[in-house]
Amino acid sequence: MEEKTILVEQCRGYRVITLNRPQRLNAFSEAMQRELKRAVEAAEADGGCRALLLTGAGRAFCAGQDLNERLSKDGDVLVLGSTLDSFYNPLVRKLRALPFPVVAAVNGIAAGAGANIALACDIVLAARSASFVQAFARIGLVPDCGGTWHLPRLIGSARARALALTGEPLPAEKAEAWGLIWRAVEDAALMNEAHQLCQHFAAAPSAALALTKRLLDESWSNDLETQLDHEREAQREASLTQDYAEGVRAFLQKRPPVFGERA
Ligand code: T3D
């Protein structure tokens, strides 16, 4: 029977995607790449899905590319580049562009592409026992999946350079202290906390969250003047939604808001 490399759980208002090759620390095989792409696209197409939780089965989050698929029987390695075009880069773009928050619950070691895919998610929670490893330099590669973009922006150039050049593991608590991730939590509390976050997003004003994601991403390459203009346009758009009207009414009526369907 074919290995089920991705598990999808449908919860009320959100989906959980679990990378499921625990015997290889959830390293990306071609089959897992295909299944993950399908699962993310299906979540996007489901209008009832308002958040995505990404995690790993077993003791790791993800060990990056499965290196068994990078060495031929003759001992030759594959020339890379097209593999980024065909899977990793579209995945990172897709995660950033999804019109709802993506929460990574990093349950264990996240290495190589696994680390940088986690960092491409909107909110990263990590178990205290987890760590982030820019493993690329150890095998003669460069950080990919947006690592060279996210790392210096999140933790500054000095720390980004040291992590990328040494491949030294960064424990979850230090990752939190450095601002690389949102929070390190007790191992046993990780999934509960990640679900609570997704439940919160499932009842949140969806258009406003989608616009906020877009604004924050755009801000990296804009000056303040341009960004103020973008905020004005996005705020205009947000103020046209029923959710905004409901949010204001609920506040003034001193009751919890009931927001509508996903935009
Ligand atoms: O398309 C492209 O190729 C370009 C894209 C590249 C993106 C990348 O991700 S490149 C970076 C690839 N990843 C790595 O180099 C990480 C390799 N793994 C490790 O360095 C270590 O496994 C870890 C630091 C992640 C964890 O170490 P440890 O000691 O906790 O576990 P382990 O014993 O090394 O691994 C457990 C098993 O998983 C082991 O298999 P075995 O011996 O029990 O049969 C190991 O071989 C396997 N495994 C771990 N990572 C990978 C892997 N097998 C294949 N590919 C892996 N990446």
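Provided above is the structure to which this section pertains.
Now for a description of the structure that goes with this document. Note that residues are indexed from 1 along each chain, following the sequence as it is written. Only residues with pLDDT of at least 70 are given local features in this predicted model, and only at 80 or more are side-chain atom pairs given and counted; all residues enter the totals for whole chains, interfaces and linings. Each side-chain value is worked out from all heavy atoms of the structure, with water and hydrogens disregarded.

## With respect to helix α4 (residues 147–155)
Right, on to step 1. When α4 is considered as a whole, its buried residues turn out to be Gly-147, His-150, Leu-151 and Ile-155. Each buried residue of α4 sits inside an arc of 100° when the element is viewed along its axis, so together they form one side.
Right, on to step 2. If you follow the buried residues of α4, they end up packed against α2 (82–97), α3 (113–119), α5 (157–166) and α6 (172–178).
Right, on to step 3. At the C-terminal side of α4, Gly-156 shows a positive phi close to 90°. Categorising residues by exposure relies on relative accessible area from a 1.4 Å probe, with only protein chains included: less than 20% of the type maximum marks a residue as buried, more than 50% marks it as exposed, and the intermediate range marks it as partly exposed. Only DSSP runs of H or I covering at least 4 residues are called helices, and only runs of E covering at least 2 are called strands; the numbering of each starts at the N terminus. Note: the arc covers the axis-to-C-beta directions of the helix. Note on definitions: a residue-residue contact is assigned when non-hydrogen atoms from the two residues lie within 4.5 Å.

## Let's talk about the packing of aromatic side chains
Right, on to step 1. Each pair of aromatic rings taken from Phe, Tyr and Trp, with Trp reduced to its six-membered ring, is defined by centres within 6.5 Å and is described as stacked if the planes are under 30 degrees apart, edge-to-face if over 60, and tilted in the remaining cases. Counted under the stated rule, the structure contains four aromatic pairs.
Right, on to step 2. Both rings, one in Phe-28 and one in Phe-87, keep their centres 5.4 Å apart while their planes meet at 55°; by these two values the pair is tilted. Of this pair, Phe-28 sits in the loop between β2 (14–19) and α1 (30–45) while Phe-87 sits in helix α2, and the two are 59 residues apart along the sequence. Across the pair, exposure class does not vary: Phe-28 and Phe-87 are buried alike.
Right, on to step 3. Ring centres of Trp-149 and Trp-220 lie 5.7 Å apart, and the angle between their planes is 80°; this geometry places the pair in the edge-to-face category. Pair noted here: Trp-149 is in helix α4 and Trp-220 is in the loop between α8 (206–219) and α9 (224–239), with a separation of 71 residues, a long-range link.
Right, on to step 4. What makes Trp-220 partly exposed here is its relative accessible area of 39%.
Right, on to step 5. Within the aromatic cluster, the residues linked to one another by ring pairs are Phe-28, Phe-87 and Tyr-88.

## Overview of the nonpolar core
Generally speaking, a soluble globular protein has its nonpolar side chains buried in company with each other.
Right, on to step 1. By nonpolar core we mean a set of buried residues, namely Ala, Val, Leu, Ile, Met, Phe, Trp, Tyr and Cys, connected to one another through side-chain atoms within 4.5 Å. Leu-36, Val-106, Ile-117, Phe-132 and Leu-180 are the most contacted members of the largest nonpolar core, which has 63 residues in total.
Right, on to step 2. Looking at which element gives the most residues to this core, the answer is helix α7 (residues 190–202), with six residues.
Right, on to step 3. Contact partners of Leu-36, with chain neighbours within four places excluded, come to Ile-6, Ile-17, Leu-19, Phe-28, Leu-54, Phe-87 and Leu-91.

## Concerning unusual backbone geometry
Right, on to step 1. Even without glycine at this site, Cys-145 takes up a positive phi of about 55°.
Right, on to step 2. Along the polypeptide, Cys-145 turns up in the loop between β8 (131–133) and α4.
Right, on to step 3. The backbone of Lys-254 shows a phi angle near 55°, a positive value even though the residue is not glycine.
Right, on to step 4. Along the polypeptide, Lys-254 turns up in the segment after α10 (242–252).

The values are spatial; any link to function lies outside them.
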